[in-house]
Amino acid sequence: MSFPSSYALRFIFFLFCAATITVPMSPAIAQSQSRDDVITIGTFKGIIGSLIYMAQMQGYFSEMGLKVEVNDYQAGKFSVDKLLTGEIHMAAASDFVFARQSFARPDLRILASICEADTNFMIARSDRGIKKPSDIAGKKVGLTMGSVSEFFLGDFLAAHGLSFKDIEIVNARPPQIVEQMINGTLDAALTWAYYVFEIKQALGKKVATWSVEQDQSLYFLLFTTEKWLKENQTAADKVMRALAKSDDYLQSQPDDAKMEIQRKFKYSNAYMNYDWP
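Residues take numbers from 1 onward in each chain, read along the sequence in its written order. Under the rules for a predicted model, residues below a pLDDT of 70 receive no local features and side-chain atom pairs below 80 are neither given nor counted, while totals for whole chains, interfaces and linings still include all residues. No hydrogens and no water enter the side-chain calculation; it runs on all heavy atoms of the structure.

A. Geometry of the packing of helix α3 (residues 50–57) against helix α12 (residues 254–265). Running from N to C, α3 and α12 cross one another at 90°; their axes reach a closest spacing of 11 Å. What the angle tells us is that α3 and α12 run roughly perpendicular. For the pair α3 and α12, contact is made by Ser50, Tyr53, Met54, Gln56 and Met57 and by Ala257, Glu260, Ile261, Lys264 and Phe265, respectively. Ten residue types, Ala, Val, Leu, Ile, Met, Phe, Trp, Tyr, Cys and Pro, are classed as nonpolar, four, Asp, Glu, Lys and Arg, as charged, and the remainder, Gly among them, as polar. Its residues placed into classes, the contact of α3 with α12 shows six nonpolar, two polar and two charged. Think of each axis as a best-fit line through the C-alpha atoms, taken over the contacting stretch in the case of a helix, with angles from 0 to 180 degrees between the N-to-C directions. By definition, any uninterrupted DSSP run of H or I lasting at least four residues is a helix, any uninterrupted run of E lasting at least two residues is a strand, and each is numbered from the N terminus. To sort the angles, those under 35 degrees are grouped as roughly parallel, those over 145 as roughly antiparallel, those from 65 to 115 as roughly perpendicular, and the leftovers as oblique. Working rule for contacts: check all heavy atoms of both residues, and any pair within 4.5 Å makes them a contact.

Quick look at the structure:
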């Protein structure tokens, strides 16, 4: 059974962005901006980051007088790690990652919600006797700790009368989860649609999958630090304007956008049909 993700490629602007996004940039502001501004954005490498990638590929950042570098990560959590060490300026990650980090880092500031997604799934090896969700009790379950999957795993376990103590968690990056599911090191894993697809392609009928988000989608947020935002409000405003143009393109030209994302990441037709909205 296929569990295609549903992405709403729309976003809501927060703080000063809510006002500026609907107001044309004045010539004075536009002329005052240096074309040498460099913004580094980290995001998950995949469909969920399409708004950012499309803004780069369509040249919308350049139109705003910005030089933007987009760094790819295997999970949004890893982009946030780089933000917190000052290695990048903005990070895109789930609402869970933001909430978790905000306790230790109250200086984090949300710029926008750039995607709503249903992209987390439990995948289990049915050839290990896992026929229903509760069968994962006592099994080795792969998980990228600190990511939104940790939150959804807790919910999934509770919904089936289990807790974290009932399973053996193996903390691993997504590519390692795929490898360990295929070679049999893991019995099950909670991860994202792209990696679930890879596992299903390799193991076929040997696996069972369950959606874990139910009626609670995740929100993919773009955020930064208070210090950077205060020092670069005009540059941040320009990034928001570029993303607004990207959103317009994705909404008005979905087929073209799909082909461009597929080409960029060299995705197969089968995967795009599985996961594209």
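B. Summary view of helix α9 (residues 193–203). In this scheme, a residue with accessible area under 20% of its type's maximum is buried, one over 50% is exposed, and one in between is partly exposed, where area comes from a 1.4 Å probe on protein chains only. Buried within α9 we find Ala193, Tyr195, Val196, Phe197, Ile199, Lys200 and Leu203. Looking at the buried side of α9, the elements it contacts are β2 (38–44), β6 (120–125), α8 (174–183), β9 (188–192), β10 (207–211) and α13 (269–275). Just past α9, the residue glycine 204 takes up positive phi, approximately 55°.

C. Representation of the sheet that holds β9. Spatial strand order, β8-β7-β9-β6-β10: five strands in an open sheet with mixed pairing. Bordering the open sheet on either side are β8 (168–171) and β10, each of which pairs with just one other strand. Strand-to-strand twist of the sheet, defined as the mean angle between neighbouring strand axes without regard to direction, takes the value 25°. Note on pairing: DSSP must find at least two bridges between two strands before they are called paired. Alignment of strand β7 (residues 140–143) against β9, held across two bridges, turns out to be parallel. By the bridge assignment for β9, valine 141 is matched with alanine 188. Along the sheet, helix α7 (residues 148–159) makes contact with β6, β7, β8, β9 and β10, crossing β9 at roughly 130°. Set on the sheet, α8 makes contact with β6, β7, β8 and β9; between it and β9 the angle comes to about 145°.

D. Structural view of the environment of lysine 77. Its place among the elements puts lysine 77 in helix α5 (residues 76–84). For the pair lysine 77 and alanine 92, spaced 15 residues apart in sequence, the C-alpha to C-alpha distance is 8.5 Å. Excluding anything up to four places from it in sequence, lysine 77 contacts Ala93, Val97, Met145, Gly146 and Ser147.

Purely spatial values, then, with no claim about function.
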